[in-house]
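Architecture and fold: a report
Residues per chain, in single letters:
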Amino acid sequence: MSLVSLARALPKRARIANLPPLDFSLEAGVHALVGTPDDGTLTIAKLVGGCEAPASGRVLVAGRDPARDPRLRARIGATLDVPCLPDAITVRALLEDVDLVRGATGTTDALKALRLEHWLDRNVASLSRWEKRALDLVLALSTIEPIAIALTEPGADVAPLDQQVLRDAFARCAEQGACVIIVTASMNSAIQLASTIHVFERGSIARSIPVDETGALVPGRGIELRVEVDLPRLLVAALADEPGVIGVDWDERRHRSMLSVRGDDLDRLALTLARAATESGASIRSIVPMAPHIDEVRAASSGLALAAYHAAYGAYGAHGPAPSVEKPADRGWQGGSRAARLSGWRAERVCAACSCRARSW
Amino acid sequence: MLVPRALLVIAGAWGVAAVAAVTEKRGSPSGAAGRALEGQVFGVLLPFVLLALSTRVLSPLRLDLTTAPLARFGASRRVVASGLIATSMGVGAFVAASAAALTAILGHDPTAPPIAVDALTSAWVGALAASAYAAFFALGSTVGAKGGGRFLSLGLDFVLGGTSGAAALFVPRAHAQNLLGGAPPLMLSQPASAALLAAMALAFGAAAVARCAP
């Protein structure tokens, strides 16, 4: 049985907001669910954290319903898009209240681990929305013997936190056997914080990819580095003939000192950049790896599904035994995307002429 | 948490109760306290004041959502709801008792029982009625996305409590009026009305708690 399992779970007021039922299962580990609010991402932490019961369907964490089991809720950390904190005057009093409810201490240590101990004597009412979200995150991470941690956008709209400390905290929870779910619309956040990336589409996981194979998210796109440089024209000229570079984007008017360089291999691309910078005399100020945008990933997913569909459809209607259609080489397909589902349905139809059955992945 | 707005509501309740008592006494000193208590204070003022206080204590949300900030850390929603309802009943009882006692003192006339006895009697009737009202509004707050059912409770209290039939037995208004010397519902005795108010406080409170998930 999966650690966290949602089966056709429809949040309350989902029909008004046109949200889809949530349907996925996850094991222990650090998972990023990358999707938009229209896909139902903002309701995941509410349901997994037991903050509200589903209007229909089922939510199970370690085989139990978090909305009806207070002991289970004590072992689930969750952050919502709008922080839901107990009433208290100061941060210290709030943490003491949470410790009292949990029957254990640890929240103050979690605050200190993220170097936020100077907040202890602050008035809760004086905290900004960003700071409240960071405090909510601290409370989620301080969960005692966690079974699941569901975090809504931990990398956005939140006070600046040490990403390395966050990563370590997530990894520690996963090592203890917890399922850490990072719900985000940002592929960058997902790559930074998670070990497995799941492309989330209309309530289901469409693709799952380990974080070290993110290049497979958009096949052919390669690796992209955003480079800030003092003499971009010279660097572009030096990069033009480099075989390790697939493409260079430079918008002289809008971002004069920024350019994007794409290649197949991260190490090779970085070496090429270093060589070109040395030759051209340009000095590089920063290099940031750029993750593909979620729309790019979805477009690639749809393209791959469509290719699979055409391959299957090519066999459909042909007389004689249907050729087998292989699953795309890209990893992690679960056939969950709309296009994939559509192609699957079409390919299962029986040929009227000879009753042969075109197979699909 | 009682915020300044709630304190303003309490101060306002005391002020209106005092004005009602003084006005009745100026009009006709005989039975002024009784008229002010039955008419303005328990008839109109306290239901609205208790609704406002209940909304402040329980938050203007559905009851189970109000419990969410603590429930998400492992507290039982029912335990948190019980605490909130008990607080709402306590605050309501204090405000209603003090407002009723103030009315009895300011509207007191020589033909009435001794002022201390009158004030004390009005106070316990107010406390008991307020507890029943608080529980009734708490039950109402479990209905609707934002607990709008509490307004339904208030409406039912006005509509059913104004009758003298069997339906009046199920809302606090008729019993409070009976205890203050008004017309009893179904010719019920005053001790029976007091017992029913206490039973309502317990039953409505328990029903509100039961309607929250664990």
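Now for a description of the structure that goes with this document. (Residues numbered from 1 in each chain as written. Chains lettered and ligands numbered in written order. Predicted model: local features only at pLDDT ≥ 70, side-chain atom pairs only at ≥ 80, totals over all residues. Heavy atoms only, no water.)

The number of helices and strands found in chain B is 9 helices and 0 strands. Taken from the N to the C terminus, the helices and strands of chain B come in the order α-α-α-α-α-α-α-α-α. For 214 residues, the compact-globule formula gives about 17 Å, and the C-alpha radius of gyration of chain B, at 17 Å, lands near that figure. Expressed along its principal axes, the backbone C-alpha trace of chain B runs to roughly 60 × 40 × 25 Å. Burial status across chain B gives 52% buried among its 214 residues. Within chain B, contacts between residues at least 6 apart in sequence are counted, and of these 67% link residues at least 24 apart. Mean positive and mean negative side-chain charge positions of chain B (13 and 6 charges, respectively) differ by 18 Å. (Helix = DSSP H or I, 4+ residues; strand = E, 2+ residues; numbered from the N terminus. Rg over C-alpha atoms; globule rule 2.2 N^0.38 Å. Buried < 20%, exposed > 50% of the residue type's maximum accessible area, 1.4 Å probe, protein only. Contact = heavy atoms within 4.5 Å. Lys, Arg positive; Asp, Glu negative; His and termini not counted. Charge placed at Lys NZ, Arg CZ, Asp CG, Glu CD.)

The next subject is helix H3 (residues 91-102) of chain A. Residues and elements named next belong to chain A. When the terminal C-alpha atoms of H3 are compared, their 16 Å separation across 12 residues agrees well with the 16 Å that a helix rising 1.5 Å per residue should span. The set of residues buried in H3 consists of Val91, Leu94, Leu95, Val98, Asp99 and Arg102. Down the axis of H3, the sector holding all buried residues measures 135°, keeping them to one side. Contacts made by the buried residues of H3 are with helix H4 (107-113) and helix H5 (129-141). Among the residues trailing H3, Gly103 stands out with phi positive, at a value near 75°. (Expected span 1.5 Å × (residues − 1). Arc of directions from axis to C-beta.)

A few words on the sheet that holds strand S13 (residues 284-290) of chain A. Residues and elements named next belong to chain A. Reading across from one edge, S11-S12-S10-S13 is the order of the 4 strands in this open sheet, with antiparallel pairing throughout. The open sheet has two edge strands with one neighbour each: strand S11 (247-250) and S13. Pairwise comparison of adjacent strand axes, ignoring direction, gives a mean angle of 20° for this sheet. Note that strand S10 (residues 223-229) and strand S12 (residues 258-263) share 6 bridges and pair antiparallel. Within the sheet, the bridge partner assigned to Glu224 lies in S12 and is Arg262. Docked against the sheet, helix H9 (residues 266-280) engages S10, S12 and S13, running at close to 25° with respect to S10. (Pairing = 2+ DSSP bridges. Axes fitted to C-alpha atoms, helices over the stretch in contact; angles between N-to-C directions.)

What follows is about empty space enclosed by the protein. All names here are of chain A. This model, assessed by the stated rule, comprises 1 cavity of 30 Å³ or more. In this model, the largest cavity occupies a volume close to 40 Å³. When residues of the lining of the largest cavity are assigned to their parent elements, the largest contribution, 3 residues, is made by strand S5 (residues 76-79). Here the lining of the largest cavity is built from residues that sort into 4 nonpolar, 3 polar and 2 charged. (1 Å grid on protein atoms, 1.4 Å probe; cavity = no way out; pocket = protein on both sides within 12 Å on 5 of 7 lines; lining within 4 Å. Points joined across faces, edges and corners; volume = space filled by probe spheres on them. Nonpolar A, V, L, I, M, F, W, Y, C, P; charged D, E, K, R; others polar.)

A separate point is the state of the cysteines. Applying the stated rule across the entire model yields 0 disulfides over all chains. Unpaired in terms of disulfides, Cys51 of chain A finds its nearest cysteine sulfur in Cys84 of chain A, a separation of 6.0 Å. Cysteine Cys212 of chain B shares no disulfide, and the gap to the nearest cysteine sulfur, in Cys84 of chain A, comes to 14 Å. (Disulfide = S-S within 2.5 Å.)

At the junction of the two partners, chain B supplies 15 residues and chain A supplies 23 residues. Summing both partners gives a buried area of about 1,700 Å² for chain B against chain A, and 58% of it is carried by carbon and sulfur. For Asp136 of chain A, the salt bridge is made with Arg72 of chain B, and the minimal N-O distance between the two is 2.9 Å. Taken together, the connections running from chain B to chain A amount to 9 residue pairs in polar contact (both at pLDDT 80 or more). Only helix H4 (68-71) and helix H5 (77-106) of chain B provide two or more residues apiece to the side of chain B that touches chain A. Examining the composition of the side of chain B that touches chain A, we find that 4 residues originate from one element, H4 of chain B, more than from any other. (Buried area = accessible area lost by both parts, 1.4 Å probe. Salt bridge = Lys/Arg side-chain N within 4 Å of Asp/Glu carboxyl O. Polar contact = N/O pair within 3.5 Å; in protein donor to acceptor, adjacent residues only side chain to side chain.)

These figures come from the coordinates and say nothing about function on their own.
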